[in-house]
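These are the residues of each chain, in order.
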Amino acid sequence: MEINRNTIIKDLIESHPETLTVFKKYNLVIAGGVRGPNEPIAFFAKAHEVDYDILVKELNEAIERGGGEHIEIPKLEEDKVYEVFVKAAIVLTLTVGVTFGAILLSYIAIKLNFHSIYYALIQAHGHAQLFGWVGLCIMGFALYIIPRVKNTELKHRNLVNICYGFIIAGLLLRIIVQPLPLRAARFLIPVSSILEIISICLFAFIILKTIFSSREKVGIFDKFFKAGIIWFLISAFINFGMIVYLYKHALHEIPRIVFSPFVHLYLFGFVFMFIFAINIRTVFAFLDIKPVREKAVNVTFWVMNISVPIYFITHIFANNSVVALRLSQFIVFPIAFALFTFIYGLRIFERSTQELQDVVMDRSYAKTIRTAYLWLIVTSVILLIIPFLGHGSELQQRFHGSLNHAVTVGFITMMIIGYASKMIPTFKGIDMYSLKLSNVTFILLNTGCFLRVFSQILVGTSSGKSLFYYAIMGTSGWFELAALGIFGYNLWKTMNTAQEIKQPVSTTKLTEATKDTKVFDVVDQYPETLQVFLDFGFSQMANPVLRNTMGRVASIEMATKMHSVDIDKFLKALNDKISLKK
Ligand code: HEM
């Protein structure tokens, strides 16, 4: 098999299993189900920081050496460690998360009053989204990605199910019991928090053991992962503290003065550190841009990790001490500076290096990742405005709610969707179930988030009198629910799609392409002919879904007619390529 930059790794491994030894030599713990990643080799090399030419040279040498019994060929197993976490996150957000949020929002809009809601319900929604939707997604992805970026095996895999069981039990107990006016069940609230603490400690133990077991050189992303783990542990214990206070004082609502800054400690500490770590390690390949500016992302690391605890403590005491109030107003500037510095360091809006421009692959996730950072800019701007609005005023509370939404939906949820749409098909070695549905999700989520963030601000600036802004705000949650519903369906279908083990199809072995040959059969039996199709302008052949569908019905004659390509010239080029293989 002639290897070129668009050679799909799973096809290469399929026809030359001996190449797996080369991938193993580079310690490349393989993703991609039982047949290997559905990724072009040039992208794989960039993503794993391996020199493409050296890799191809060694792969060709392995092929020349051939297979046979003396070569131990590693077996590929599909690692599904992430699946239960991601599926539980989707179920939680589509039930007590976004659906609940959309109902609450419509109720607030109908009542024209943000204080019309029993706040314990909002906190239950908030907890379901923070620890359920976001927490479970990060836990699932981290358990899969960290061993691969650290080129090691996941340690204590036997503890993962216990970790999963405890967090799900803790979450459900908390979400159900906190708003419930049932004295007899109150003891279950501290129990829920203890279950969550045990799970998060287990997760931290597994991840830190895995990171420290790696012999890979320490990358700049490492300390972001470790800081993220520490903030996750701190959040779990602060959460426990808040719950004990709630239980001891027989309250249903955690005092807002503590809960709101806690939400930001969890987001800016745990969630941002994990997202930044994964972005630093992967965005340069995903968006085909230069690697990060290490100095800049280092500044972000230290400024964020010093500012977050100050932010949390000063906001708690802002009502009782002028010093704390001034500090809480000042600390948002270094945080915003750190976020802008990270965007500069990550080069997220910079031009592509074009290194992978000739590589054919689905890049639909790129706009989602970039849009997430646009929302991070919106978040930072709102953060900078808040100190100038009267402390504790209605206007400030509206801006605070918009900030929460811009960061939780605009940045974090968008990032989760962008990465899940790229990573999960890669984990499985298949394509996303529907790229069309991915685009619909992108449009609906941005529409809903835009309507929510800006209408809630306008509700505030119109001092809550404007029916129009309330109406827009009240509908925004349903756009987001539709977006996440479609995304959940699309991802669930993708996760349930098994990577088909290539059964030797009874198609006759193609020795020569003729005008009647089906386009699909040519590429299927001679993957290297894909380049010929692309060179002759059949760009949609780049899309594996179209190849698999239209390609099975379109003959060479039909295709050349449709694209007014000279059939003789095209057939000659194809058969030249095929004869090389014979
Ligand atoms: C996508 C659709 C969503 C809708 C319709 C929604 C709706 C709401 C509503 C109506 C409130 C109370 C009003 C306010 O404080 O602004 C609220 C608060 C909250 N939401 Fe959501 N939400 C959504 C997504 C999320 C996500 C993705 C997260 C977290 C990852 C989240 C976490 C929270 C938290 C923590 C609060 C309480 C904030 C505080 O009191 O300081 N929400 N949400």
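Residues numbered from 1 in each chain as written. Predicted model: local features only at pLDDT ≥ 70, side-chain atom pairs only at ≥ 80, totals over all residues. Heavy atoms only, no water.

1. Description of the site of the ligand
Moving on, step 1. Lining the immediate environment of the ligand, one finds 25 residues, of which Tyr119, His125, Gln129, Ser260 and Arg452 sit closest.
Moving on, step 2. Within the side chain of Gln456, an N or O atom sits 3.3 Å from an oxygen atom of the ligand.
Moving on, step 3. Split by residue class, the shell around the ligand holds 10 nonpolar, 13 polar and 2 charged. (Near = heavy atom within 4 Å. Polar contact = N/O pair within 3.5 Å; in protein donor to acceptor, adjacent residues only side chain to side chain. Nonpolar A, V, L, I, M, F, W, Y, C, P; charged D, E, K, R; others polar.)

2. A word on the packing of helix α6 (residues 119-149) against helix α7 (residues 160-177)
Moving on, step 1. One way to put it is that α6 packs onto α7 with a least axis distance of 10 Å and a crossing angle of 170 degrees. Our classification of the angle between α6 and α7 gives roughly antiparallel. Where α6 abuts α7, its residues Ala124, His127, Ala128, Phe131, Gly132, Leu136, Met139 and Leu143 lie against Val160, Cys163, Ile167, Ile168, Leu171, Arg174 and Ile175.
Moving on, step 2. Each residue belonging to the contact of α6 with α7 can be placed in one class, and the counts come to 12 nonpolar, 2 polar and 1 charged. (Axes fitted to C-alpha atoms, helices over the stretch in contact; angles between N-to-C directions. Helix = DSSP H or I, 4+ residues; strand = E, 2+ residues; numbered from the N terminus. Parallel < 35°, antiparallel > 145°, perpendicular 65-115°, else oblique. Contact = heavy atoms within 4.5 Å.)

3. A look at helix α13 (residues 332-346)
Moving on, step 1. Look at α13: 21 Å from first C-alpha to last across 15 residues, which is about the 21 Å you get at 1.5 Å a residue.
Moving on, step 2. Within α13, 11 of the 15 residues are buried, which leaves it mostly tucked inside the rest of the structure.
Moving on, step 3. Looking only at α13, the buried set comprises Val332, Pro334, Ile335, Ala336, Ala338, Leu339, Thr341, Phe342, Ile343, Gly345 and Leu346.
Moving on, step 4. Its buried side turned inward, α13 meets α10 (256-286), α11 (294-316), α12 (322-330) and α14 (365-385). (Expected span 1.5 Å × (residues − 1). Buried < 20%, exposed > 50% of the residue type's maximum accessible area, 1.4 Å probe, protein only.)

4. Points about unusual backbone geometry
Moving on, step 1. Positive phi values are uncommon outside glycine, yet Asn151 reaches one of about 45 degrees.
Moving on, step 2. Assignment of secondary structure puts Asn151 in the loop between α6 and α7.
Moving on, step 3. Backbone geometry at Asp288 places phi at a positive 55 degrees, although glycine is not the residue there.
Moving on, step 4. As for its placement among the helices and strands, Asp288 is situated in the loop between α10 and α11.

5. Focus on the coordination of the iron atom of the ligand
Moving on, step 1. What the protein offers the iron atom of the ligand as a donor is a single atom, His125 (NE2), at 2.1 Å.
Moving on, step 2. Along the chain, His125 turns up in helix α6. (Donors = N, O, S within 2.8 Å, 3.2 Å for Na, K, Ca; no water.)

6. Thoughts on the pattern of salt bridges
Moving on, step 1. All told, the structure shown has 17 salt bridges when counted by the stated rule.
Moving on, step 2. Measuring nitrogen to oxygen at the nearest pair gives 3.0 Å for the salt bridge that ties Asp288 to Lys46. Of this pair, Asp288 sits in the loop between α10 and α11 while Lys46 is found in helix α3 (residues 41-47), placing the two residues 242 residues apart along the sequence. For the pair shown, Asp288 and Lys46 are each scored as buried.
Moving on, step 3. Between Lys428 and Glu78 there is a salt bridge whose closest N-O contact spans 2.8 Å. Highlighted residues: Lys428 in helix α15 (residues 394-428) and Glu78 in the loop between α4 (52-65) and α5 (83-111), separated in sequence by 350 residues.
Moving on, step 4. When salt bridges that share partners are traced, they join Lys46, Asp288 and Glu355 into one network. (Salt bridge = Lys/Arg side-chain N within 4 Å of Asp/Glu carboxyl O.)

7. Some remarks on the packing of aromatic side chains
Moving on, step 1. Tallied over the entire structure, the rule returns 41 aromatic pairs.
Moving on, step 2. Measuring from centroid to centroid gives 5.6 Å for Phe23 and Phe44, while their planes differ by 75 degrees, and the two rings are edge-to-face. In this pair, Phe23 is assigned in helix α2 (residues 19-25) and Phe44 in helix α3, connecting sequence segments 21 residues apart. Accessibility assignment for this pair places Phe23 and Phe44 in one class, buried.
Moving on, step 3. Centre to centre, the rings of Phe114 and Tyr470 are 6.2 Å apart; their planes meet at 40 degrees, and the pair counts as tilted. Of the two residues, Phe114 is situated in the loop between α5 and α6 and Tyr470 in helix α17 (residues 467-495); the sequence distance between them amounts to 356 residues. When sorted by exposure, Phe114 lands in the same class as Tyr470, which is buried. (Phe/Tyr/Trp six-rings, centres within 6.5 Å; stacked < 30°, edge-to-face > 60°.)

8. Re the environment of Leu195
Moving on, step 1. Considering the arrangement of structural elements, one finds Leu195 in helix α8 (residues 188-213).
Moving on, step 2. According to the relative accessible area criterion, Leu195 is buried, its value standing at 17%.
Moving on, step 3. In this structure the C-alpha to C-alpha distance between Leu195 and Asn298, which are 103 residues apart in sequence, comes to 34 Å.
Moving on, step 4. Ignoring sequence-local partners within four residues, the contact set of Leu195 consists of Phe166, Ala169, Gly170 and Leu173.

9. So, the side chain of Asp79
Moving on, step 1. Following the sequence through the fold, Asp79 ends up in the loop between α4 and α5.
Moving on, step 2. Polar contacts involving the side chain of Asp79 include one to the side chain of Arg148, which spans 3.3 Å.
Moving on, step 3. There is a polar contact of 3.0 Å between the side chain of Asp79 and the side chain of Arg157.
Moving on, step 4. Beyond its immediate stretch of four places on either side in the chain, Asp79 contacts Tyr144, Arg148 and Arg157.

10. Some words on the packing of α6 against α15
Moving on, step 1. Look at α6 against α15: their axes get within 11 Å of each other, and the N-to-C directions meet at 35 degrees. Pair α6 / α15 crosses with left-handed handedness. Across from Trp133, Val134, Cys137, Phe141, Tyr144 and Ile145 in α6, the residues of α15 making contact are Ile412, Thr413, Ile416, Ala420, Met423, Ile424 and Phe427.
Moving on, step 2. Partitioned by chemical class, the residues of the contact of α6 with α15 number 12 nonpolar, 1 polar and no charged. (Left-handed = near helix turned anticlockwise from the far one by under 90°.)

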